[in-house]
Amino acid sequence: FEKALEGKEVILEKLGKEGLAAVYTNLARTYLAMAELEKAYEGYAKAIELYPLDTAYEHQAWVAVEMGRFDEAYKLAQEFLKHPEWEMDLGLMPAAIAAYHLGKYEEAKEYCEKIIEKFPDSAYVGEAHRLLAEIYREMGELDREEAELRKDIEVCSRVLEENPIPGDIPGARYERGVAYFKLGEYGKAIEDFKWIIEHPEVTKR
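Each chain carries its own residue numbering, running from 1 in the direction its sequence is written. Given that this is a predicted model, residues contribute local features only at a pLDDT of at least 70 and side-chain atom pairs are listed and counted only at 80 or more, while totals for whole chains, interfaces and linings are drawn from all residues. To obtain the side-chain values, all non-hydrogen atoms of the structure were used and water was disregarded.

A. Molecular detail of the pattern of salt bridges. Salt bridge, as applied in this entry: a Lys or Arg side-chain nitrogen positioned within 4 Å of an Asp or Glu carboxyl oxygen. Here the structure, examined in full by the defined rule, presents 20 salt bridges. The closest approach of N and O atoms between Lys3 and Glu6, which form a salt bridge, is 3.3 Å. By relative accessible area, Lys3 is classed as exposed at 63%. The exposure class of Glu6 is exposed, given its relative accessible area of 59%. Here Glu72 and Arg69 are joined by a salt bridge, their closest N and O atoms 4.0 Å apart. Type-normalised accessible area, obtained with a 1.4 Å probe on protein chains alone, sets the label of each residue: buried when under 20%, exposed when over 50%, and partly exposed for intermediate values. What makes Glu72 partly exposed here is its relative accessible area of 25%.

B. How the structure looks around a nonpolar patch on the surface. A patch is a set of surface residues, each over 30% in relative accessible area and not in a salt bridge, joined within 9 Å for like charges and within 5 Å for the nonpolar side chains Val, Leu, Ile, Met, Phe, Trp and Tyr. Each accessible area is a Shrake-Rupley result for a 1.4 Å probe, and residues are judged covered by the shown protein chains and nothing else. Taken together, the side chains of Phe181, Tyr186 and Ile190 make up a nonpolar region of the molecular surface, amounting to roughly 340 Å² of accessible area. Only DSSP runs of H or I covering at least 4 residues are called helices, and only runs of E covering at least 2 are called strands; the numbering of each starts at the N terminus. Along the chain, Ile190 falls in helix H11 (residues 186–198). We classify Ile190 as partly exposed; its relative accessible area is 47%.

C. Up close: the nonpolar core. Only buried residues count toward a nonpolar core. Its members are Ala, Val, Leu, Ile, Met, Phe, Trp, Tyr and Cys residues joined through side-chain atoms within 4.5 Å. Membership of the largest hydrophobic core comes to 52 residues, with the highest contact counts inside it found for Tyr44, Leu81, Met93, Tyr111, Cys112, Ile115 and Leu131. Residue assignment for this core shows that the elements contributing at least two residues are helix H2 (8–33), helix H3 (37–50), helix H4 (54–66), helix H5 (70–81), helix H6 (88–101), helix H7 (105–118) and helix H8 (125–138). Ranked by the residues each element gives to this core, the list is headed by H6, at ten residues. We call two residues contacting when some pair of their heavy atoms lies within 4.5 Å. Dropping the residues within four chain positions of it, Tyr111 is found in contact with Tyr74, Gln78, Leu81, Leu92, Ala95, Ala96 and Ala99. Among the nonpolar cores identified, the runner-up in size contains six residues, and Ala133, Leu149, Ala179 and Ala189 belong to it.

D. Spotlight on the packing of aromatic side chains. Stacked, tilted and edge-to-face pairs are distinguished by plane angle, under 30 degrees for stacked and over 60 for edge-to-face with tilted covering the rest, among Phe, Tyr and Trp rings (Trp via its six-membered ring) whose centres lie within 6.5 Å. The final tally for this structure, using the stated rule, is six aromatic pairs. With a centroid separation of 5.8 Å and 35 degrees between ring planes, the pair formed by Trp62 and Tyr124 is classed as tilted. On the criterion of sequence distance, the pair formed by Trp62 in helix H4 and Tyr124 in the loop between H7 and H8 is long-range, its members being 62 residues apart. Tyr124 carries the same exposure label as Trp62, and that label is buried. Ring plane angle 50 degrees and centroid distance 5.9 Å describe the contact between Tyr174 and Phe193, whose orientation is recorded as tilted. Of this pair, Tyr174 sits in helix H10 (residues 169–182) while Phe193 sits in helix H11, and the two are 19 residues apart along the sequence. On the accessibility criterion, Phe193 (27% relative accessible area) is partly exposed. Taken together, Tyr57, Phe80 and Trp86 form an aromatic cluster joined through their ring pairs. The aromatic ring of Tyr41 is capped on one face by Arg69, whose charged end is 4.6 Å from the ring centroid. Charge-over-ring placement is defined geometrically: NZ (Lys) or CZ (Arg) within 6 Å of the ring centre, and within 35 degrees of the ring normal. Of note, Lys104 hangs over the ring of Tyr74, and the distance from its end group to the ring centre comes to 5.0 Å.

As structure tokens, this is what we get:
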């Protein structure tokens with residue numbers, strides 16, 4: 001991608017701003033996979049400056065979350081949600097997480113519930129249940145917290161039992177492990193986390 005960017009003028013001529021933004025987005029996604037957040041942030045920012053690509057907004061929001069820039073993550077996610085033609089669950093989850101960290105619990109709750117109700121096949125359903133659990137814990141509703149964690153485990157277990165594609169396995173294992181950990185079921189949590197560590201050919205992390 002860096003080699004391709006040496007020919008920015010040609011890309012602009014042949015593919016326009018959208019094409020050049022796609023190259024910056026792919027470069028940034030590569031840096032994100034390598035956990036080089038500053039470089040990923042820079043690439044997504046350049047992409048967004050050029051053209052409003054859904055993947056650039058989505059992943060830039062995640063980078064901002066990872067860097068603790070929740071105000072910025074919230075704004076990026078809100079920009080994403082202004083485009084109903086995009087896959088809305090991809091914007092709703094970072095919006096929910098950013099809102100949660102900003103203390104906007106009711107708003108975060110609304111985003112999570114929307115993912116669960118309107119996008120039942122989304123990869124974020126389990127995480128939405130876990131974030132709801134966090135919100136209920138903050139609100140002192142411990143029974144509802146446990147219920148949401150159980151739903152998270154149920155969703156992840158179903159994913160793992162239904163012949164998942166390899167890319168779905170690490171997230172489901174990790175998500176379920178975190179839910180088990182928060183419920184105090186440490187043996188089950190360890191089992192999921194160990195599986196991730198012991199199968200790098202699948203998890204790559």
